[in-house]
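Below are the chains, spelled out letter by letter.
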Amino acid sequence: MSRRDELRTNLETLERRIEAACSMAGRHREELTLIVVTKTYPATDVDLLAELGVTNVGENRHPEAGNKFAEVDHDLRWHFVGGLQSNKAAAVCRYADVIHSVDRLKLVPAIDKGARAAGRVIDCLIQVSLSDDEGRSGAVPDAVMGIAAAIESADAMRLTGVMAVAPLGADPDEAFVRLKNVSERVEVAHPDATDISAGMSGDLEAAVKAGATHLRIGRSVLGARPATG
Ligand SMILES: *Cc1c(COP(=O)(O)O)cnc(C)c1O
């Protein structure tokens, strides 16, 4: 099977899975945006995905993401979903349309400056930690409102919602309900921040059930990544 056929088949299977999850949850497929996470896979795969109708792709690491962006021939919406360091924010702002991983105050001026230098406004989601384990990435729920206010007052950033990764070993249903609660609090103060980025290959059903608006799917479309990825 060609790589194109393999990707097409995987996308079709995934679509059926998303539709089943929607129907279980009493939701409509149009309420959800699929972001295909292409990390560790080559730019040629991103071009094939674009030809198969994918419009949103995700990457988690700089400079891999930037190099791929430069190589891809199609116009896509690029989502940066990985941990971000302030000193890389400016570079990421040159290609990312959306950053899902704003998880501390210090990142806000760095992204704002980078976005202004790039002459654009970047959509930003606050990454929320859903575990009590301090070492994990994501803002603790109590820090979210402060970060939201900072993003809202930055000229070149637009607060669009919240994002989370379900903690390893945790019940994803429970984790995503916590995220939904954080989202509701954010929305009271920031009515435009309605996005909920949740759900990966292993837990998309739980995310759809809890109200996700954006799914970030890698392996189910591209295949298992090498252990080092
Ligand atoms: C890799 C990654 C995904 C996709 O995970 P899969 O299990 O491959 O679907 C989603 N979100 C983030 C933040 C990631 O790093």
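None of these values were measured; they are calculated from a predicted model.

*Asks:* Could you clarify how one ought to interpret the overall build of the protein chain in this entry?
*Replies:* Across its full length, the protein chain carries nine helices and eight strands. In summary, the protein chain has a C-alpha radius of gyration of 17 Å against a globular reference of 17 Å for 229 residues, a match within 12%. Expressed as lengths along the three principal axes of its C-alpha atoms, the size of the protein chain is roughly 50 × 40 × 30 Å. Looking at the protein chain as a whole, 51% of its 229 residues are labelled buried. Looking at the protein chain alone, contacts between residues at least 24 apart form 58% of all its contacts between residues at least 6 apart.

*Asks:* Even after reading the chapter, I still don't get the packing of aromatic side chains, so can you show me in this structure?
*Replies:* Two descriptors summarise a pair of aromatic rings, namely the distance from one centre to the other and the angle between the planes of the rings. Applying the stated criterion to the full structure yields two aromatic pairs. Aromatic pair Phe-69 and Trp-78: ring centres 5.5 Å apart, planes at 80°, arrangement edge-to-face. The partly exposed category is assigned to Phe-69, whose relative accessible area is 35%. Trp-78 sits in the buried class, given a relative accessible area of 3%.

*Asks:* Can you help me understand the packing of helix H1 (residues 3–25) against helix H2 (residues 43–51) in this one?
*Replies:* When two helices pack together, their arrangement is captured by the angle between the axes and the distance separating the axes. Packing of H1 against H2 leaves a shortest axis separation of 10 Å and a crossing angle of 55°. As far as their axial angle goes, H2 and H1 are oblique. Handedness of the H1/H2 crossing: right-handed. On H2, the residues that touch Arg-3, Arg-4, Leu-7 and Leu-11 of H1 are Asp-45, Leu-48, Leu-49 and Glu-51. For the contact of H1 with H2, the per-class residue count stands at four nonpolar, no polar and four charged.

The rules behind these values
- Residues numbered from 1 in each chain as written.
- Predicted model: local features only at pLDDT ≥ 70, side-chain atom pairs only at ≥ 80, totals over all residues.
- Heavy atoms only, no water.
- Helix = DSSP H or I, 4+ residues; strand = E, 2+ residues; numbered from the N terminus.
- Rg over C-alpha atoms; globule rule 2.2 N^0.38 Å.
- Buried < 20%, exposed > 50% of the residue type's maximum accessible area, 1.4 Å probe, protein only.
- Contact = heavy atoms within 4.5 Å.
- Phe/Tyr/Trp six-rings, centres within 6.5 Å; stacked < 30°, edge-to-face > 60°.
- Axes fitted to C-alpha atoms, helices over the stretch in contact; angles between N-to-C directions.
- Parallel < 35°, antiparallel > 145°, perpendicular 65-115°, else oblique.
- Left-handed = near helix turned anticlockwise from the far one by under 90°.
- Nonpolar A, V, L, I, M, F, W, Y, C, P; charged D, E, K, R; others polar.

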